[in-house]
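Observations on the three-dimensional arrangement
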Amino acid sequence: MKALVYNGPNEVSVVDVPDAKIEQPTDVLVRVTTTNICGSDLHMYEGRTDMEPGRILGHENMGEVIEVGKAVTQVKVGDRVCLPFNIACGFCKNCERGLTGFCLTVNPGTAGGAYGFAGMGPYSGGQADYLRVPFGDVNCLVLPPDLEGKENDYVMLSDIFPTGYHATELAGVEAGDSVVIFGAGPVGLMAACSAKLKGASKIMVVDVLKDRLALAEQIGAIAIDNSDGTAVDQILDLTDGQGADRGCECVGYQCCDHHNHEVPNLTMNSLVSAVAATGSIGVVGVFIGADPGAADELARKGQIAFDFGKFWMKGQRMATGQANVKAYNRKLCALIAAGKATPSFIVSHELPLSDAPRAYRHFGARDEGWTKVVLKPGS
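First, a word on scope: everything that follows refers to the structure included in this document. Only a predicted model underlies this, so the values are computations on that prediction, with no experimental measurement involved.

Reading guide: rules and limits
- Residues numbered from 1 in each chain as written.
- Predicted model: local features only at pLDDT ≥ 70, side-chain atom pairs only at ≥ 80, totals over all residues.
- Heavy atoms only, no water.
- Buried < 20%, exposed > 50% of the residue type's maximum accessible area, 1.4 Å probe, protein only.
- Helix = DSSP H or I, 4+ residues; strand = E, 2+ residues; numbered from the N terminus.
- Arc of directions from axis to C-beta.
- Contact = heavy atoms within 4.5 Å.
- Phe/Tyr/Trp six-rings, centres within 6.5 Å; stacked < 30°, edge-to-face > 60°.
- Salt bridge = Lys/Arg side-chain N within 4 Å of Asp/Glu carboxyl O.

Moving on to helix α12 (residues 329-337). For α12, the full list of buried residues reads Asn-329, Leu-332, Cys-333 and Ile-336. The arc enclosing the buried residues of α12, seen along the axis, measures out at 105 degrees, which places them on a common side. The inward-facing, buried residues of α12 abut β9 (141-142), α4 (151-154) and α5 (160-171). Backbone geometry just downstream of α12 places Gly-339 in the positive-phi region, at approximately 80 degrees.

Taken as a whole and judged by the stated rule, the model has six aromatic pairs. When the centroid spacing of 5.8 Å and the interplanar angle of 45 degrees are considered together, the rings of Phe-308 and Phe-311 count as tilted. On the criterion of helical spacing, the pair formed by Phe-308 and Phe-311 is a turn pair, its members being three residues apart in helix α11 (residues 308-313). Given a relative accessible area of 11%, Phe-311 falls into the buried group. Of the aromatic side chains, those joined through ring pairs into one cluster are Phe-306, Phe-308 and Phe-311.

With that settled, the discussion passes to the pattern of salt bridges. Inspection of the entire model under this criterion finds 16 salt bridges. The closest approach of N and O atoms between Glu-23 and Arg-132, which form a salt bridge, is 3.5 Å. With a gap of 109 residues between them, Glu-23 in the loop between β2 (11-16) and β3 (28-37) and Arg-132 in strand β8 (residues 130-133) connect regions that are remote in the sequence. Arg-48 serves as the salt-bridge partner of Asp-291, at 2.7 Å between the closest nitrogen and oxygen. Of this pair, Asp-291 sits in the loop between β14 (275-283) and α10 (297-300) while Arg-48 sits in the loop between α1 (39-45) and β4 (60-68), placing them 243 residues apart in sequence. Given the relative accessible area of 9%, Arg-48 is considered buried. One continuous salt-bridge network, built from bridges that share partners, spans Glu-23, Asp-27 and Arg-132.

These values are about where atoms sit, not about what they do.
See below:
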C-alpha cells in the first residue's frame, strides 16, 4: 500500500509499504478515505520529537471497514467510521472512567496511545491506503448515512473538533462567559466554535496570522491581532480591565512571539495575565516531556518559566491534557448530522495522498491560506 513516512527533520515521502492487516481478533481493518495533516504532525515533521524514521504518520483518520477480526461484534464490513486519534482498550481503569486518552493497556509504561505519534506506541498512522484499528469495537465511531458532502466535517471528529471542545471543558466554559483563546489554528478555531455552541457571550481569538483570524471572525469571534505584541492589553480593554472569565491554550510548546521568535512560555503566561481573577484555563496545545530542538535549556527538558506567583495570587485554576475523544465524538457527530456544526469550514486544501510532502512543506511553513489540509488516499 502507499503511505506517508517520516524520513527525518522536514523530510517525508509517499512510498510502498506492506499492507496493514488484522493482527488480533479484536482488530478492524479500514480503507482510509480521508486523513488530515494536524499541527501535532508538524512537531514530528520538524524533528522536535523522538519520532523514528520510517514510521507512518497520521492520527486524524476515517474510512470504510473492509475486514473485522473474529472477536468484533459491533462493527461490520461496509461501515463508514471515524477513528479517535487516541487508541483505547475500553476496559482499563482510565477507560472505565471515560479517560480514553490515557488508556493504560495500549502503550505499556505510558498512559495513552495514538496512531503514528512519537512516544504513543508502535501503531502505524493513517496517512496511508489502509489502517489497522486495535480494539475496533471501542475505537470505531460508526457514522450516520448522510456522508455525501459531509466527509470533511465528520473526519474532524477524529481529533480537532473534540480537542477544541475539550479545551472549553477544561476551562469550564458556560453560557454567558467571556472566553479568550490563544491560537487561531484548527484547534483554536474548533475551541471558538465550541464556546459558541456553549453560549459564550464574548469569544476572543489571538493570533498573528491574518488568514486564520479572518476565519475566527467568520464564526463570530473577535479577532485579536498580536502582530504588535499587545494581545493582553487588547483583551483587558475588551473586558473592562477584568480579563476573560475563561482561557484556552491551543498553541503548545512551539509558540512564537510577534517577532516570530519561539517563546515556549508565552501563551501560558499571557493567559495568566489575560484571564480574570478566579478564572480558569484549559490547556490542549501540545507540551512534551523533552524537546531536542529547543533553543533554551528549560525547553529542552520540557519545562517553562511559569508565572506561578501571579497565577496563585489571582486564584486561577488550570486543567490540561489531550482530549478523551470518545467522551465527545458521538454528541459532536450528532451536531454535524443535525447541521448545527460544520467544522469543515477550516479546510483550505483537499489533496491526494501523493501530494502530502508538498502539503507538509506549505503547512509547516504556515504559508498564507494553508489552514487545514485533508488528504484523500486512493484519489
